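Secondary and tertiary structure notes
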Amino acid sequence: MKILVMGPGCPKCEQAEKTVRDAVAEAGIAADIEKVKDFQEIAKYGIFSTPAVVIDGEVKVVGKAPSKKEVLGWLK
């Protein structure tokens with residue numbers, strides 16, 4: 001599973017990354033989590049508001065930090 005956390009490093013982006021990492025650890029799954037800060041790379045996914053989370057190429061959330069419950073639901 002490949003998870004991209006997209007955002008320049010603002011507090012909400014940092015929170016999104018922490019939440020994703022916590023949820024993956026809690027779920028006990030193997031996932032490659034990558035932080036993407038480059039706006040051109042982010043825009044390739046059609047994302048123009050951050051933070052955003054992309055799992056296996058599918059955009060899951062844009063413009064807000066997800067809750068751990070939301071992320072755990074996506075990981076199933």
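This text follows the structure it describes.
Just so you know, the residues in each chain are numbered from 1, in the order the chain's sequence is written. Thresholds applied to this predicted model are a pLDDT of at least 70 for local features of residues and 80 or more for the giving and counting of side-chain atom pairs; totals over whole chains, interfaces and linings are not thresholded and use all residues. Values shown for side chains rest on all heavy atoms present in the structure; no hydrogens or waters enter the calculation.

1. Observations concerning helix H1 (residues 11-27)
Strands are runs of DSSP state E lasting at least 2 residues, helices are runs of H or I lasting at least 4, and numbering of each runs from the N terminus. Expected span, for any helix, means 1.5 Å times one less than how many residues it has. Across its 17 residues, H1 extends 24 Å between first and last C-alpha, which sits within 8% of the 24 Å expected from 1.5 Å per residue. Looking at the packing, one finds that the buried side of H1 touches strand S1 (2-6), strand S2 (32-36), strand S3 (52-55) and helix H3 (68-75). Immediately downstream of H1, the backbone of Gly 28 shows phi near 70°, a positive value. Every residue pair with non-hydrogen atoms within 4.5 Å of one another is taken to be in contact.

2. Notes on the environment of Val 53
For Val 53, the location among the structural elements is in strand S3. Between the C-alpha atoms of Val 53 and Lys 12, which are 41 residues apart in sequence, the distance is 12 Å. Ignoring anything within four residues of it in the chain, the contact list for Val 53 reads Ile 3, Leu 4, Val 20, Glu 58, Val 59, Lys 60, Val 61, Pro 66 and Trp 74.

3. Some words on the nonpolar core
The biggest cluster of nonpolar side chains holds 13 residues, and the ones touching the most others in it are Ile 3, Val 20, Val 53 and Leu 75. If one sorts the elements of this core by residue count, H1 sits on top with four residues. Joining through side-chain atoms within 4.5 Å is the link that ties buried Ala, Val, Leu, Ile, Met, Phe, Trp, Tyr and Cys residues into a set, and such a set is a nonpolar core. Under the scheme applied here, a residue whose accessible area is under 20% of the maximum for its type counts as buried, over 50% as exposed, and between as partly exposed, the area being computed with a 1.4 Å probe on protein chains only.

4. Some details on unusual backbone geometry
Cis geometry marks the peptide bond from Thr 50 to Pro 51; its omega dihedral reads 0°. Positive phi, close to 50°, is recorded for Asp 56, a residue that is not glycine. On the secondary structure map, Asp 56 appears in the loop between S3 and strand S4 (58-62). Classification of Asp 56 as exposed rests on a relative accessible area of 53%.

5. A few points about the pattern of salt bridges
Salt-bridge detection follows one rule: a side-chain nitrogen of Lys or Arg within 4 Å of a carboxyl oxygen of Asp or Glu. Taken as a whole, this structure holds eight salt bridges when the rule is applied. Ionic pairing is found between Lys 35 and Glu 14, a salt bridge with its closest N-O pair at 3.7 Å. With Lys 35 in strand S2 and Glu 14 in helix H1, this residue pair connects regions lying 21 residues apart in the sequence.

Note that every value here comes from positions in space, so none of it alone points to a role or purpose.
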